[in-house]
Amino acid sequence: MIQFSHVYKTYPGPIHALRDIDLMIEKGEFVFLTGPSGAGKTTLFKMLAAYDKVSSGNLQVAGFDLCDIANKEVPQFRRRIGVIFQDFKLLKDRTIFENVSLPLLVRGDRPQTIQRRVSEVLEQVGLSHRAQQMPEFVSGGEQQRTAIARAIVHQPGILIADEPTGNLDPELSEEIMDLLERVSAQGTTVFIATHDHEMVKRRNKRTLQIRDGLISGDGV
Ligand SMILES: Nc1ncnc2c1ncn2[C@@H]1O[C@H](COP(=O)(O)OP(=O)(O)O)[C@@H](O)[C@H]1O
Ligand SMILES: [Mg+2]
């Protein structure tokens, strides 16, 4: 499902953001990526989501060879993944319902299909009662749940979340992690970057440690 082989990413400087990354994540796994700020977590996710290309090595995700992907294939690849950011990245001038419907609109789904699927996913994340609200009028936890709904509405095989609880208090963070575990239980591969070691310890899941661009640990 996700396979990095000898992946390097070097930024001008040169800054060696990723060095010889070798890792394999199977379908349906739930995996944490931990490491201090600047370790390479966001860079690894950027490569994984085809926002940027690796400098060398091989990267296969959801059946796509991301070293060799043509620009016109990228939208098709992106439909196979969902991405969640620390700062939610919701559109302020759209309702929660409209924010969540975007991936389906882009894909060209019919209005009835969108209505049905968005209602279903809002129910799943516990936001049915917020559907017609604007994002700035709901809590941080609800904004992040909106972002999760938007990331899973098109039923991607892989969900990546870059520090999804970085802006939330501990109680809301636990709620978001519970929700991500439920998404995983339905068969989606879930890969979460975080520097919250306490939370990672409590969850007892496979954890990859990254430090200075190198994987320094992999285990439960
Ligand atoms: N676009 C970029 N250009 C140059 N250097 C970058 C860029 N993005 C990240 N870096 C550098 O790469 C290293 C890893 O950064 P990043 O992946 O953002 O780490 P993390 O997400 O773990 O905090 C850091 O030294 C950072 O300064
Ligand atoms: Mg980061």
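Computed from a prediction, not measured in an experiment: that's the story for all the values here. (Residues numbered from 1 in each chain as written. Chains lettered and ligands numbered in written order. Predicted model: local features only at pLDDT ≥ 70, side-chain atom pairs only at ≥ 80, totals over all residues.)

### Observations regarding the site of ligand 1
Threshold: Near residues are defined by distance alone, with the backbone-placed C-beta atom required to lie within 6 Å of the molecule or strand. Secondary structure elements follow DSSP: runs of H or I no shorter than four residues count as helices, runs of E no shorter than two count as strands, and numbering proceeds from the N terminus.
All residues adjacent to ligand 1 are Tyr11, Ile15, Ala17, Gly35, Ser37, Gly38, Ala39, Gly40, Lys41, Thr42 and Thr43. Mapped by element, the contributors of at least two residues to the shell around ligand 1 are β2 (15-25) and α1 (41-48). For the shell around ligand 1, the element with the most residues is α1, which contributes 3 residues.

### Details of the sheet that holds strand β1 (residues 2-11)
We apply this condition: Any two strands with at least two DSSP bridges between them are considered paired.
Taken in spatial order, the 4 strands of this open sheet run β2-β1-β4-β5, and their pairing is antiparallel. Two strands bound the open sheet, and with one partner strand each, they are β2 and β5 (64-65). Where β1 meets β2, 7 bridges bridge the pair, whose relative direction is antiparallel. Looking at the pairing, Ile2 lines up with Ile25 of β2.

### Some remarks on the packing of helix α3 (residues 96-107) against helix α5 (residues 140-152)
Heads up, the condition is: Structural elements are reduced to axes, namely lines fitted to C-alpha atoms, with helices fitted over the stretch in contact, and the angle between N-to-C directions of any two is expressed from 0 to 180 degrees. Angles below 35 degrees are treated as roughly parallel, those above 145 as roughly antiparallel, those between 65 and 115 as roughly perpendicular, and all remaining angles as oblique. The hand of a helix crossing depends on one turn: near helix anticlockwise from the far one by less than a right angle means left-handed, and clockwise means right-handed. Note that contacts rest on C-beta atoms placed from the backbone: two residues are in contact if these are within 7 Å.
Two elements in contact, α3 and α5, have axes separated by 7 Å at closest approach and are oriented at 30 degrees. Taken together, α3 and α5 sit at an angle that is classed as roughly parallel. Crossing of α3 over α5 shows right-handed handedness. Of the residues in α5, those touching α3 at Ile96, Asn99, Val100, Leu102 and Pro103 are Thr146, Ala149 and Arg150.

### Overview of the sheet that holds strand β10 (residues 214-219)
Spatially, 6 strands are ordered β6-β7-β8-β3-β9-β10 in an open sheet, and the strand pairing comes out mixed. Pairing within the sheet leaves two strands with one partner each, and these edge strands are β6 (81-85) and β10. Mean inter-strand twist for the sheet, computed between neighbouring axes without regard to direction, equals 15 degrees. When β6 meets strand β7 (residues 158-162), the two strands line up parallel, connected through 5 bridges. By the bridge assignment for β7, Ile84 is matched with Ala161. Sitting on the sheet, α1 is in contact with β3 (30-34), β7, β8 (189-194) and β9 (206-211), with an inclination near 150 degrees to β7. Where helix α6 (residues 170-185) meets the sheet, it contacts β3, β7 and β8, and its direction lies at approximately 155 degrees from that of β8.

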